[in-house]
Amino acid sequence: MMHSSDSALVLGPGGPVGTAWMAGLAHGLRGLGVDLAGADLVVGTSAGAIVGAALLSGQDLARFADPAAGGVEGPRPPQADPQLMSEVFAVLGAGLPPEEARRGVGRIALDAAGPEAGRALVASRRRLVGTDTWPAGRRLLIPAVEAESGVPVVWDRDSGIPLAAAVAASSAFPGAAPPVPFGGRHYIDGALRAGTNLDLATGARTAVVVEPMAREAAEATGVEEVVSLFPDEASVAALGPDPSDLSAWVPAFRAGLRQADTAREQLAGTWGDQPPS
């Protein structure tokens, strides 16, 4: 599924901690006059789906500074299960064909999930995103994977799925969050499709790729120019080793906010280069 656009924003996975860092970075850039929501196309995967949906919906990203204090997080999704996570990574590292690996991971997720867990996750994501309505105007793509078949899907505002359900499904990594039901099927994390899913921006002139889990620049595959924003040394320290560690949320947001100055310099000369307001 490829779309031609002049500019693309690709927001990658990173767990709750990566969500906070990306939100802080985007909030800081807005304060400096650079609105990442100005992209023609936004691809949001997992944590990136949460931030992308909030960004394009015009939410005040300061809400992400401390969700527990601000009350935007809502009911907390289940805590990560280390045993399940190890099973998932064992399947992913077994050298299986991609679809077979995704089906194996899907089975683990479905066997472990309670019937209401996915709905609770949707409610939590709805509180974070602030709306259940897909943004008009800018194009938002949210990938996920059907748990039963292992087949990837890519949703947009014409797909018929509520925004919060799409965001929840895309950010439902097995072992960290339950699969999300929709239309009689169950869906799991969009990063299982293709990591950051930069291929969905194929044809763009310029792509800004924000990757909380990356430590080096993304390759410009199918895009004329890629600008990579990923945690610097201070942000890496603030994010810590566990993407699901909710105690690192506030430090991660603040680290993203601080890194916005450097990010603005990296974006100079691209579509994101706007004068401060």
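These numbers come from a predicted model, not from an experiment. (Residues numbered from 1 in each chain as written. Predicted model: local features only at pLDDT ≥ 70, side-chain atom pairs only at ≥ 80, totals over all residues. Heavy atoms only, no water.)

> Hey, could you run me through the overall build of the protein in this one?
Of the regular secondary structure elements, the protein holds 10 helices and eight strands. For the protein, the C-alpha radius of gyration of 17 Å lies close to 19 Å, the compact-globule estimate for 277 residues. Dimensions of the protein, computed from C-alpha atoms along their principal axes, come out at roughly 50 × 40 × 35 Å. When burial is assessed residue by residue, the protein has 52% of its 277 residues classed as buried. In the protein, the proportion of contacts linking residues at least 24 apart, taken out of those at least 6 apart, comes to 72%. Distance from the positive charge centre (20 side chains) to the negative charge centre (31 side chains) of the protein: 5 Å. (Helix = DSSP H or I, 4+ residues; strand = E, 2+ residues; numbered from the N terminus. Rg over C-alpha atoms; globule rule 2.2 N^0.38 Å. Buried < 20%, exposed > 50% of the residue type's maximum accessible area, 1.4 Å probe, protein only. Contact = heavy atoms within 4.5 Å. Lys, Arg positive; Asp, Glu negative; His and termini not counted. Charge placed at Lys NZ, Arg CZ, Asp CG, Glu CD.)

> Explain the confidence of the model for the protein to me, please; I cannot follow it from the model alone.
Should the pLDDT be low somewhere, the predicted coordinates at that spot are not to be read in detail. Predicted confidence across the protein gives a mean pLDDT of 90, with 92% of residues reaching 70 or more. Across the protein, the secondary-structure element scoring lowest on mean pLDDT is helix α3 (residues 67–70), at 68, and the one scoring highest is strand β4 (residues 152–155), at 98. (pLDDT = per-residue confidence, 0-100.)

> How should I be thinking about the nonpolar core in this particular structure?
When a protein is soluble and globular, its nonpolar side chains tend to lie buried together. Grouped together as the largest cluster of nonpolar side chains are 60 residues, with contacts concentrated most on Leu9, Phe64, Trp155 and Val210. Once residues within four sequence positions are removed from consideration, valine 210 is found in contact with Leu9, Val10, Leu11, Gly12, Trp21, Met22, Leu25 and Leu229. (Core = buried A, V, L, I, M, F, W, Y, C linked by side-chain atoms within 4.5 Å.)

> How do you make sense of the side chain of glutamate 211 when you look at a structure like this?
Position of glutamate 211 among the secondary structure elements: in the loop between β7 (206–210) and β8 (225–229). Nearest to the buried, unbridged glutamate 211 among oppositely charged side chains is arginine 215, at 9.0 Å. Within polar-contact distance, the side chain of glutamate 211 engages the side chain of threonine 196 at 2.8 Å. If near-sequence neighbours (up to four positions away) are discounted, glutamate 211 is found in contact with Trp21, Thr196, Ala218, Leu229, Phe230 and Pro231. (Salt bridge = Lys/Arg side-chain N within 4 Å of Asp/Glu carboxyl O. Polar contact = N/O pair within 3.5 Å; in protein donor to acceptor, adjacent residues only side chain to side chain.)

> Explain the pairing of strand β3 (residues 139–146) here, please?
One face of the sheet, then the other: side chains in a regular strand alternate in exactly this way. Counting buried positions over the eight residues of β3 gives seven, a clear majority of the element. Here strand β2 (residues 41–44) pairs with β3 via three bridges, running parallel. Looking at the pairing, valine 42 lines up with leucine 140 of β3. Here four bridges tie β3 to β4, and the two strands are oriented antiparallel to one another. Counterpart to isoleucine 142 in the pairing with β4 is tryptophan 155. The antiparallel hairpin formed by β3 and β4 contains five residues in its connecting segment, where glycine 150 sits at a positive phi of about 80°. Across two bridges, β3 lies against strand β6 (residues 185–188) in antiparallel orientation. Within β6, the position partnered with glutamate 146 by the bridge is tyrosine 187. (Pairing = 2+ DSSP bridges.)

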